[in-house]
Amino acid sequence: MLYPIYVHKDENSAYGAVFPDFPGCFTASDELQDLPRAAQEAVEAHFGSDNDPVPAPSAPDDWIDDPEYQGGFWLLVDIDLSRVRSRAVRLNISLPENLVRRIDHCARLRGQSRSAFLAKAAEREILEPARLPATIDQD
């Protein structure tokens, strides 16, 4: 979803950005082109694991006369809400018994549940670009 961020930059400083739709949520970046990534990370951290609903996006025009948002400029950033609140999904999978024992052992050593261990292992595999075939759909 496209959310407005208000960007300001003082001389010799990073680009700072605030989210009118998410009071208290802000981010900064040395380079303007890095703000969308920083914005995504900020929103994910801002909402974390609380259960407050994520507000729908407003428009910059809604804030144009607000004294808090003067002297800078507006950007619309695409925030992937599926990364903000990932709902757990129960799966039924089959694995070799010996592998399950090894997974459980490693998970215990790390103080994790089996699910957390498998999720972390899957994330590592997904983020390893050299291993991905060119045709895989990453949506």
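Residues numbered from 1 in each chain as written. Predicted model: local features only at pLDDT ≥ 70, side-chain atom pairs only at ≥ 80, totals over all residues. Heavy atoms only, no water.

## Quick word on unusual backbone geometry
To keep it simple, the criterion reads: Here a helix means four or more residues in a row that DSSP labels H or I, a strand means two or more in a row labelled E, and each is numbered from the N terminus. Relative accessibility under 20% of the residue-type maximum defines a buried residue, over 50% an exposed one, and the middle range a partly exposed one, all with a 1.4 Å probe and only protein chains included.
A positive phi angle, near 60°, is found at Asn 12, a position not held by glycine. Secondary-structure assignment places Asn 12 in the loop between strand S1 (2-9) and strand S2 (15-18). Under the relative-accessibility criterion, Asn 12 is labelled exposed at 77%.

## Some details on helix H2 (residues 97-109)
Each α-helix turn comprises 3.6 residues. Residues three or four places apart therefore point the same way. How we decide: Helix span, expected: 1.5 Å multiplied by one less than the number of residues in the helix. The arc under discussion is defined with respect to the helix axis, by the directions toward the C-beta atoms. Note on contacts: a residue pair qualifies if any of its non-hydrogen atoms lie within 4.5 Å across the two residues.
The terminal C-alpha atoms of H2, which comprises 13 residues, lie 19 Å apart, in line with the 18 Å expected from a rise of 1.5 Å per residue. Every buried residue of H2 is listed here: Ile 103, Asp 104 and Ala 107. Buried residues of H2, seen end-on, are gathered within an arc of 100° and therefore sit on one face of the element. Of the exposed residues in H2, the ones pointing more than 90 degrees away from its buried face are Arg 102 and Leu 109. In this fold, the buried residues of H2 make contact with helix H3 (114-127). Positioned one or two residues after H2, Gly 111 has a phi angle of 70°, which is positive.

## Comments concerning the packing of H2 against H3
The condition that has to hold: For helices, the fitted axis covers only the stretch in contact; all axes are lines through C-alpha atoms, and the angles between them, taken along N-to-C directions, range from 0 to 180 degrees. Roughly parallel means an angle under 35 degrees; roughly antiparallel means over 145; roughly perpendicular covers 65 to 115; every other angle is labelled oblique. Each residue gets one label: Ala, Val, Leu, Ile, Met, Phe, Trp, Tyr, Cys and Pro are nonpolar, Asp, Glu, Lys and Arg are charged, and the others, such as Gly, are polar.
Interhelical geometry of H2 versus H3 gives an angle of 95° and a closest axis separation of 9 Å. Taken together, the axes of H2 and H3 lie roughly perpendicular to each other. Residue-level contacts link Val 100, Ile 103, Asp 104, Cys 106 and Ala 107 of H2 to Arg 114, Phe 117 and Leu 118 of H3. Here the contact of H2 with H3 is composed, by residue class, of six nonpolar, no polar and two charged.

## A look at the nonpolar core
Nonpolar side chains in soluble globular proteins tend to end up buried together. Formally: Put simply, a nonpolar core is a bunch of buried Ala, Val, Leu, Ile, Met, Phe, Trp, Tyr and Cys residues held in one set by side-chain atoms that sit within 4.5 Å of each other.
In this structure, Ile 5, Val 7, Phe 19, Phe 22, Cys 25, Val 43 and Ile 79 are the most contacted members of the largest nonpolar core, which totals 16 residues. Where this core is concerned, the elements lending two or more residues are S1, S2 and helix H1 (35-47). Sort the elements by how many residues they give to this core and H1 lands first, with five residues. Once residues lying within four places of it in the same chain are set aside, the contact partners of Phe 19 are Pro 4, Ile 5, Cys 25, Phe 26, Thr 27, Ala 39, Ala 42 and Val 43.

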